[in-house]
There are 2 protein chains.
Amino acid sequence: MPEKFVNLKQLSECLGLSQTTVSRALNGFPEVSEKTRQRVLAAAAEFNYRPSPSATSLATGRTRVIGHVVPLSFHRMINPHFSDFMGGASEAYARAGYDMLIRVVREEEEESVYRDFARRNRVDGVVVHGPLVDEPRIPLLKSIGLPFVVHGRGGGEALDYSWLDVNSRGAFLRATEFLADLGHRRIALVNGLETMNFAHRRRQGYETGLAARGIDLDPALITSEDMVEPYGYRATLQFLALPQPPTAILFSSVLPAMGAVRALSEMGLRPGSDVSLLTFDDRLSFLQSGAASQSADIPFLTAMRSSIWQAGQRVAEMLIHQIESKSEDTVQELWEAELVVGRSTAPCKELSRSLAKEVS
Amino acid sequence: MPEKFVNLKQLSECLGLSQTTVSRALNGFPEVSEKTRQRVLAAAAEFNYRPSPSATSLATGRTRVIGHVVPLSFHRMINPHFSDFMGGASEAYARAGYDMLIRVVREEEEESVYRDFARRNRVDGVVVHGPLVDEPRIPLLKSIGLPFVVHGRGGGEALDYSWLDVNSRGAFLRATEFLADLGHRRIALVNGLETMNFAHRRRQGYETGLAARGIDLDPALITSEDMVEPYGYRATLQFLALPQPPTAILFSSVLPAMGAVRALSEMGLRPGSDVSLLTFDDRLSFLQSGAASQSADIPFLTAMRSSIWQAGQRVAEMLIHQIESKSEDTVQELWEAELVVGRSTAPCKELSRSLAKEVS
DNA sequence: CCCGAAATTCAAAGCGCTTTGAACAACACA
DNA sequence: TGTGTTGTTCAAAGCGCTTTGAATTTCGGG
């Protein structure tokens, strides 16, 4: 048996007031006397009154819903980086009284979906995920006037929209130099898909780092794929089979880095002492231990850290602020990743060996 | 510059028809002549007409949105099992023209949120995640008359609602017997949280399996926690430190099983030959390799397999069917997990040793 | 005690769609 | 020519809320 609900009309009849007054009392307008407001609030609570979202949004044009459009081909939903981001965002939405709407679309529908969203408010705004080096969604959204915040940046120089990004270039530059300073000369890069702008920037940082330390780029030491565990496993095995294997490997995510750990363990090699591993770490929640003791420990993997969960939270906040302030001005945030040294990096063995030789 | 859109009124004025006729032509009602329908369809396409979702849902009471309520405390969003399920569901929604709505709530709000959802349609139905042994949401949803499908089952015997579940009991029974038949007498269980009904059933299967093979239950060999990687790592180290360590370990998910692999590798032990590992495998997408070659291989972990992604898809389909058919009858599906033998299980060493002794 | 301003309250229109009940046209039949 | 039928179209009401512009009440001061 479905529950009984009162609507605004019934509520106002019970109170002997007009719908106008009741609506205003509920929405905190100033032109209603305090006495009436209290009466209305009490009655609303008693009858458990809730306004109908569709009616409200039809009347106001606002929905309190944020859209996330996910292209089918990317399968982003099933990617832990994506879902961690979404976890952070959804918590921020909850705090602000918003809902998250997810629409999976075929690539070619994407544009028309954004237009639909803009049309009399399916959502109040959208988050743009995983911008490409050349990102068409940004001009599109600007032209249709739908509020949006980008997680990452597009490739162009026109950054006149709101975004939040991690300084990928800087992080990979530092990481590369860090490894070079440990004596490594053959440093491999297990990158994400380089059509993604973030991966593109990571590569730039890596190349700049090598150049800064006078190391030649070796294309055989670079791979670019979707960041999953088996990818890291395969790439590592492949690198180790080279005539001149790398002594250090940089990873775009903890997932492929875990694959590398597996590969090394199968080959009887130890991370750190045998091959140095350094990874970008999005602080994926399901890999963090619940136990406090663990975090006090020296971490296993040396990593550039930046929480993607927090990024999701912040992007959501930025978008909600943009929507509610109705201001046209854009906000940009560039986060620095921290470089945390763990047990998976060590001075280059070959180098120490040759040093030892020199000394003796 | 925001785009221009036509609404139904403008469209019908252009056509010199009434809103009624246009609306009916668009929605495929029979009482409109074929000639007019074609004209209307053409005009709608030309002007790129899209009905306003809020207006439609205000008028019809249907929203084409499915709700997922996620308690904050569970942090399910950041759990790969959960997001894989959501990935499957969202694809099914997309195919049927539905959207997915996610609302993160504080535990104590949960009930009132469901009531709100039911109230004049915030959503057309909801999916119930992770039912507990004693699940209050089921009677609640039945009483408020909001369509729902449960992923899993509640603990009670009154199963008169729609659900889809994996036969956890059966799977863990088989797995336990399988290990016992390899000669293992000390089999540990790294279970999920046993307040969850699925974990409860897995434990039952495990206990039944032990009993069937005449093995006594040892509480020191059972743990119950959230299924993350570090949990498996810790649990394994803890087991191996026992005076009488287990020779085989059952895991509730690949994640803790991966932690176990890490632990073993650190101790210089090999899965299979030293300790047998057998895990429930939800076929988490981000752990599957994209390469076809890999799947032709013998898998590394011996596992009970059932795709949680497909479960999400199927649950979504069931719910949409329930909503669209408006029928009151419930549907239940119980899926069997397949037991796939990999390299992480082997006959019990101690047993072979004693057998060898006997022979000599 | 009355008047104008300020403080409250209200009736009604509108948001964009669906749907009811009636009107109208077309047609066959007597 | 009139009547009943069928096929098409329409005007208007309604979904539940917000908001405009007008009406009503309250109150301090002349």
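What you are looking at is a predicted structure, and each value in this text was computed from that prediction instead of being measured.

Reading guide: rules and limits
- Residues numbered from 1 in each chain as written.
- Chains lettered and ligands numbered in written order.
- Predicted model: local features only at pLDDT ≥ 70, side-chain atom pairs only at ≥ 80, totals over all residues.
- Heavy atoms only, no water.
- Pairing = 2+ DSSP bridges.
- Helix = DSSP H or I, 4+ residues; strand = E, 2+ residues; numbered from the N terminus.
- Axes fitted to C-alpha atoms, helices over the stretch in contact; angles between N-to-C directions.
- Contact = heavy atoms within 4.5 Å.
- Buried area = accessible area lost by both parts, 1.4 Å probe.
- Salt bridge = Lys/Arg side-chain N within 4 Å of Asp/Glu carboxyl O.
- Polar contact = N/O pair within 3.5 Å; in protein donor to acceptor, adjacent residues only side chain to side chain.
- Near = heavy atom within 4 Å.
- Nonpolar A, V, L, I, M, F, W, Y, C, P; charged D, E, K, R; others polar.
- Least-squares fit on C-alpha atoms with pLDDT ≥ 70 in both.
- Expected span 1.5 Å × (residues − 1).
- Buried < 20%, exposed > 50% of the residue type's maximum accessible area, 1.4 Å probe, protein only.
- Phe/Tyr/Trp six-rings, centres within 6.5 Å; stacked < 30°, edge-to-face > 60°.
- Lys NZ or Arg CZ within 6 Å of the ring centre and 35° of its normal.
- pLDDT = per-residue confidence, 0-100.

Caption draft 1: Seen up close, the sheet that holds strand E9 (residues 276-281) of chain B. All names here are of chain B. The six strands are arranged E7-E6-E8-E9-E10-E12 in an open sheet whose pairing can be described as mixed. At either margin of the open sheet sits one strand with a lone partner, and together these are strand E7 (222-224) and strand E12 (338-340). Going from strand to strand, the sheet's axes swing by 15° on average, the running direction of each strand aside.

Caption draft 2: Representation of the interface of chain B and chain A in the model. Every contact between the two is made by 60 residues of chain B and, on the other side, 59 residues of chain A. In total, chain B and chain A occlude about 5600 Å² of area from one another, counting both sides; carbon and sulfur atoms represent 56% of this. For the pair chain B and chain A, the number of links is six salt bridges. Across the salt bridge formed by B:Arg50 and A:Asp116, the nearest N and O atoms sit 3.0 Å from each other. Our enumeration of links across chain B and chain A arrives at 15 residue pairs in polar contact (both at pLDDT 80 or more). Contributions of two or more residues to the side of chain B that touches chain A are made by helix H4 (53-60), helix H5 (80-96), strand E2 (99-105), helix H6 (110-118), helix H7 (137-144), helix H10 (229-240) and helix H11 (254-266) of chain B. If one sorts the elements of the side of chain B that touches chain A by residue count, H5(B) sits on top with eight residues.

Caption draft 3: Expanded view of the protein's contact with DNA strand C. Among the 30 residues in the neighbourhood of DNA strand C, the closest are listed as A:Thr20, A:Arg120, B:Leu8, B:Ser23 and B:Arg24. Among atoms of DNA strand C positioned within 4 Å of the protein, sugar and phosphate together represent 60%. The backbone of A:Ser18 places a nitrogen or oxygen atom 2.8 Å from a phosphate oxygen of DNA strand C. Within the side chain of A:Thr21, one N or O atom sits 3.0 Å away from a phosphate oxygen of DNA strand C. Taken together, the elements giving at least two residues each to the surface near DNA strand C come down to helix H2 (19-26) and helix H4 (53-60) of chain A together with helix H2 (19-26) and H4 of chain B. Broken down by class, the residue content of the surface near DNA strand C amounts to 10 nonpolar, 14 polar and six charged.

Caption draft 4: How the structure looks around the relation of the copies chain B and chain A. Of the transformation placing chain B onto chain A, the axial shift is 0.0 Å and the rotation is 180°, giving an RMSD of 0.2 Å. Seen this way, the second copy is the image of the first under a two-fold rotation axis.

Caption draft 5: Main features of helix H13 (residues 308-325) of chain A. Residues and elements named next belong to chain A. Taking 1.5 Å per residue as the helical rise, H13 with its 18 residues ought to reach 26 Å, and the 25 Å between its terminal C-alpha atoms agrees with that figure. Of the positions making up H13, those classed as buried are Ile308, Trp309, Ala311, Gly312, Gln313, Val315, Ala316, Met318, Leu319, Ile320, Gln322 and Ile323. For H13, the elements touching its buried residues are strand E1 (65-71), helix H5 (80-96), strand E3 (125-128), strand E4 (148-151), strand E5 (163-166) and strand E11 (332-335). The N-cap of H13, judged by a side-chain oxygen 3.3 Å from the amide nitrogen of Trp309 a few residues on, is Ser307. Following H13 by one or two positions, Lys326 has its phi on the positive side, about 55°.

Caption draft 6: Main features of the packing of aromatic side chains. All names here are of chain B. Enumeration according to the criterion identifies four aromatic pairs over all chains in this entry. Centroid distance Phe172 to Phe280: 6.3 Å. Interplanar angle 15°. Geometry classified as stacked. Linking Phe172 in helix H8 (residues 168-181) with Phe280 in strand E9, this pair joins segments that are 108 residues apart in sequence. For Phe280, a relative accessible area of 1% corresponds to the buried category. A cation sits over an aromatic face here: Arg262 above Tyr233, 4.0 Å from the ring centre.

Caption draft 7: Up close: the confidence of the model for chain A. Of all residues in chain A, 92% attain a pLDDT of 70 or more, and the chain-wide mean is 90. Here residues 290-295 of chain A scores under 50 on pLDDT; set against residues more than four positions off or in separate chains, the count is two contacts.

Caption draft 8: Quick peek at the sheet that holds E2(B). Across the sheet, 12 strands lie side by side as E11(A)-E5(A)-E4(A)-E3(A)-E1(A)-E2(A)-E2(B)-E1(B)-E3(B)-E4(B)-E5(B)-E11(B); this open sheet has mixed pairing. Looking at the sheet topology across the chains shown, the edges are occupied by E11 of chain A together with strand E11 (332-335) of chain B. Here the average twist between neighbouring strands, direction ignored, is 20°. Relative to E2(B), strand E2 (residues 99-105) of chain A runs antiparallel, the two sharing three bridges. By the bridge assignment, A:Leu101 is partnered in E2(B) with B:Leu101.

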